[in-house]
Each structure stands twice: as C-alpha cells, then as structure tokens.
Amino acid sequence: MEEEKKMNYLFGMHPVIEALRAGKKFDKVLLKQGLEGSQFKELMTLLGESDIPYQWVPVEKLNRSVKGAHQGVIAYISQIDYVDIETLVNNALATSDNPLLVILDGVSDVRNLGAIARTLECAGGRGIIVPAKGGAAINADAVKASAGALMRIDTCKVPNLKLAAYYLKQSGFRIVSATEKVDKLMYDTDLTGPLAIVMGSEGTGISKAMLELSDDRVAIPMAGEITSLNVSVATSVILYEAVRQRKIK
C-alpha cells in the first residue's frame with residue numbers, strides 16, 4: 001500500500017479513459033469489483049489494446065488509496081517511457097555490434113530491478129525487458145534505485161516473455177539463462193555478440209519455458225556454504241563477465 005501511495009495516479013472513469021485515448025501509459029489499473037456499463041466496456045477495450053495490466057479490488061482499497069470520487073478506477077502512471085520490443089531491438093542493433101540486454105523473469109523487488117538497470121547501463125547495456133504482469137513495478141523507488149539508469153536505457157514491458165525471447169532469437173540475439181541448476185560456468189560460455197541474459201527470482205528462479213528457450217544455461221561459481229547470490233549482485237557478476245569477454249575478443 002505504501003508503495004502505491006508513492007506513485008502518481010489518475011482516478012475516475014472519464015479521466016482514465018481520456019488519458020488512454022491520448023496514449024498515456026499506465027503501470028497498472030485498479031478496478032472496483034462489480035463495475036459495469038458502457039464506459040466500463042470502453043475502458044476494458046482500451047486496457048486490452050494497450051496491454052495494461054489491471055486488478056479487481058474491494059472498494060475499501062480504492063477508498064484508502066485516494067480521497068475523491070474515484071468511480072471505482074485508479075490508474076498508476078508509468079514513471080518512464082516504455083518502448084516496444086521491435087524498437088528496443090532496432091535501437092540496440094543500430095548502436096552496437098554487440099548489444100547487451102537483460103530479461104527479468106519473476107524479479108519482484110523494485111530495488112533489485114533498479115540496481116540491475118544501474119549495472120546494465122554502467123556495463124554499456126542497451127535495454128531491459130520485464131513482464132507486464134508478475135514483475136516489479138517500475139515506480140519512483142525503482143527509478144531512484146537505478147540512479148536514473150531507467151531513464152537512459154530502453155525498457156520494454158511485454159505481455160509474454162516467451163514471445164519476446166522468440167523475437168530476440170529471430171533478430172540474431174542469443175539467449176543465455178543464469179541458473180545454479182547446471183554445472184557449466186559462465187567462464188566457459190561465449191558471452192559476446194548480440195546477447196540477452198535472463199535472470200530469475202531468488203524464490204523460484206527462471207521459468208521452465210524460458211530455460212527451454214535459452215541457447216545456453218550458465219552458473220556462477222559458488223565456493224561458500226551459501227549457494228545463491230542476490231539477483232542484482234548475480235546480474236552484475238554475469239554482466240561484467242560479458243564485458244570482460246568483449247574486451248579481450
């Protein structure tokens with residue numbers, strides 16, 4: 001709840017519909033359970049056309065979130081300008097012979113997301129791909145944790161990570177997943193050329209579908225009793241191994 005209060009938002013059926021008509025992007029929309037009517041149908045159509053996630057909630061939650069006539073609708077405004085997958089790929093390939101991207105599969109902590117974006121930008125990465133549902137919100141906290149990197153790299157929010165991975169592969173990118181469930185180390189894998197590194201959540205890791213789509217699966221060597229790193233730290237380790245390889249090739 002505190003996270004939501006920090007986010008900029010619009011509320012009310014008509015203002016949100018008008019913003020969507022004007023092309024405004026939202027991170028998510030909260031809807032009161034039981035909404036109906038012609039305006040509501042138009043709202044749902046616009047949300048579907050823009051692939052904006054929405055959530056049904058009790059009216060009490062909406063009442064706690066805003067003071068005003070919300071009419072059962074609160075829309076949280078995106079903190080950054082997203083790009084579509086085609087634009088991300090075109091920009092990456094146009095600006096580098098060895099573009100480096102990150103795909104986040106299930107990373108839900110906004111500070112981890114921000115830290116990953118910061119490292120990616122420092123490593124010369126071109127963009128980050130996140131799921132429209134099930135991932136960390138790109139809100140003010142994420143932008144702050146990224147030290148503004150989320151404003152400088154391309155960020156793409158997709159309804160289906162699997163389809164995004166297919167598109168990347170068709171565009172010449174290799175997909176490499178970081179997982180502790182393999183013996184092959186990152187040092188033994190070619191991390192040069194157009195590359196997208198997949199990182200999963202600490203709880204469940206990378207989804208089976210994304211692992212199966214990967215061109216390679218690599219592990220970070222672990223010598224201590226603790227068998228995993230924080231996902232933002234793990235991403236940093238692999239990104240800079242990719243940077244090292246590109247420097248010496």
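Here the structure is a predicted model, which is why all the values come from computation and not from measurement.

Conventions adopted
Residues numbered from 1 in each chain as written. Predicted model: local features only at pLDDT ≥ 70, side-chain atom pairs only at ≥ 80, totals over all residues. Heavy atoms only, no water. Pairing = 2+ DSSP bridges. Helix = DSSP H or I, 4+ residues; strand = E, 2+ residues; numbered from the N terminus. Axes fitted to C-alpha atoms, helices over the stretch in contact; angles between N-to-C directions. Contact = heavy atoms within 4.5 Å. Phe/Tyr/Trp six-rings, centres within 6.5 Å; stacked < 30°, edge-to-face > 60°. Buried < 20%, exposed > 50% of the residue type's maximum accessible area, 1.4 Å probe, protein only. Salt bridge = Lys/Arg side-chain N within 4 Å of Asp/Glu carboxyl O.

A. Just the sheet that holds strand E7 (residues 154-158), in detail. The sheet built from six strands is open, its strands ordered E7-E6-E5-E9-E8-E10 with parallel pairing. For this open sheet the edge positions go to E7 and strand E10 (216-218), each flanked by a neighbour on one side alone. On average, each strand axis in the sheet is inclined to that of its neighbour by 25 degrees, with strand direction left out of account. Sheet topology places strand E6 (residues 127-131) next to E7; five bridges connect them, and they run parallel. Counterpart to Val 130 in the pairing with E7 is Lys 157. The strands touched by helix H5 (residues 85-95) are strand E5 (100-105), E6 and E7; relative to E7, the strand with the most contacts, the crossing angle is about 150 degrees.

B. Representation of the packing of aromatic side chains in the model. Summed over the entire model, instances satisfying the criterion amount to four aromatic pairs. On the numbers, 6.2 Å between centres and 45 degrees between planes, the contact of Tyr 9 with Phe 11 is tilted. Using a relative accessible area of 29% as the deciding quantity, one classes Tyr 9 as partly exposed. When the centroid spacing of 6.3 Å and the interplanar angle of 85 degrees are considered together, the rings of Tyr 54 and Trp 56 count as edge-to-face.

C. Fine view of the pattern of salt bridges. Under the definition given, this model contains nine salt bridges. The salt bridge partner of Glu 241 is Arg 244, with a shortest N-O separation of 2.7 Å. Of this pair, Glu 241 and Arg 244 both sit in helix H10 (residues 231-248), three residues apart, roughly one helical turn. With relative accessibility at 5%, the residue Glu 241 sits in the buried group. Given a relative accessible area of 39%, Arg 244 falls into the partly exposed group. The structure contains a network of salt bridges with shared partners spanning Glu 18, Arg 21 and Glu 42.

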